[in-house]
Amino acid sequence: MKLFGEALRDNSLKPRSYIKRAAETGSLDERTFAVDLSRVHEFDVEEAADFFDRTELVHDLRELVADVLRRLSGGGSSAAYLLDTKMGGGKSHAMAYLYLIFRYDKRAKSR
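The structure presented is a predicted model; accordingly, all values stated were derived computationally and were not measured.

Draft legend 1. Region of interest: the overall build of the chain. Within the chain one finds six helices and zero strands. Reading the helices (α) and strands (β) of the chain from amino to carboxyl end gives α-α-α-α-α-α. Within the span of the chain, comprising 111 residues, buried residues form 24% of the whole. In the chain, of all internal contacts separated by at least 6 residues, the share reaching a separation of at least 24 is 63%. Only carbon and sulfur atoms are counted for the fraction: they give 54% of the accessible area of the chain, which is about 8100 Å².

The following block contains the structure:
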């Protein structure tokens, strides 16, 4: 089994551009994948665009966003959502994503 750094160097792993940049600059660590909820409200449009680019719209996140949008437009089934996963399960990213699509709705329309 190859280490992450080896796989990057020999091109057997094709990371997204933000991961490659972080690896090249030596700043690849857990912060590359985490979001600081205490700072999300301060994001400018470029930081929001970067967050959207770095966030994979996995099935569960896509479903949550779609359900929240349905609920806010008068449909949907849930008035409250319990984000219950273990650490690293995407709770913070889901909350930040929802906040940012409403704050920067023009940027989010392409999503």
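Draft legend 2. View of the side chain of Thr55. Secondary-structure assignment places Thr55 in the loop between helix H3 (45-54) and helix H4 (59-72). Residue Thr55 is classed as buried on the basis of its relative accessible area, which comes to 9%. Within the structure, Thr55 has its side chain in polar contact with the backbone oxygen of Phe51 (distance 2.7 Å). Residue contacts for Thr55: discarding those within four places in its chain leaves Leu61, His93 and Tyr97.

Draft legend 3. Highlighting the pattern of salt bridges. For the structure shown, the criterion picks out three salt bridges. As a salt-bridge pair, Glu47 and Arg39 come within 2.6 Å of each other at their nearest N and O atoms. Through salt bridges that share partners, Arg39, Glu42 and Glu47 make up one connected network.

Draft legend 4. The arrangement of the nonpolar core in detail. Ranked by internal contacts, the top residues of the largest apolar core, which has 17 residues, are Phe51, Tyr97 and Leu100. The set of elements that each furnish at least two residues to this core consists of H3, H4 and helix H5 (91-103). The element contributing the most residues to this core is H5, with six residues.

Draft legend 5. Seen up close, H4. Its 14 residues place the ends of H4 20 Å apart at the C-alpha level, agreeing with the 20 Å of an ideal helix rising 1.5 Å per residue. Among all positions of H4, only Leu61, Leu64, Val65, Asp67 and Val68 are buried. The arc that holds every buried residue of H4, seen down its axis, measures 165°, which confines them to one face. Packed against the buried residues of H4 are H5. Downstream of H4 by one or two residues, Gly74 has phi in the positive range, about 100°.

What counts and what doesn't
Residues numbered from 1 in each chain as written. Predicted model: local features only at pLDDT ≥ 70, side-chain atom pairs only at ≥ 80, totals over all residues. Heavy atoms only, no water. Helix = DSSP H or I, 4+ residues; strand = E, 2+ residues; numbered from the N terminus. Buried < 20%, exposed > 50% of the residue type's maximum accessible area, 1.4 Å probe, protein only. Contact = heavy atoms within 4.5 Å. Areas by Shrake-Rupley, 256 points an atom, 1.4 Å probe, with all protein chains shown as cover. Polar contact = N/O pair within 3.5 Å; in protein donor to acceptor, adjacent residues only side chain to side chain. Salt bridge = Lys/Arg side-chain N within 4 Å of Asp/Glu carboxyl O. Core = buried A, V, L, I, M, F, W, Y, C linked by side-chain atoms within 4.5 Å. Expected span 1.5 Å × (residues − 1). Arc of directions from axis to C-beta.

By themselves these figures say nothing about function.
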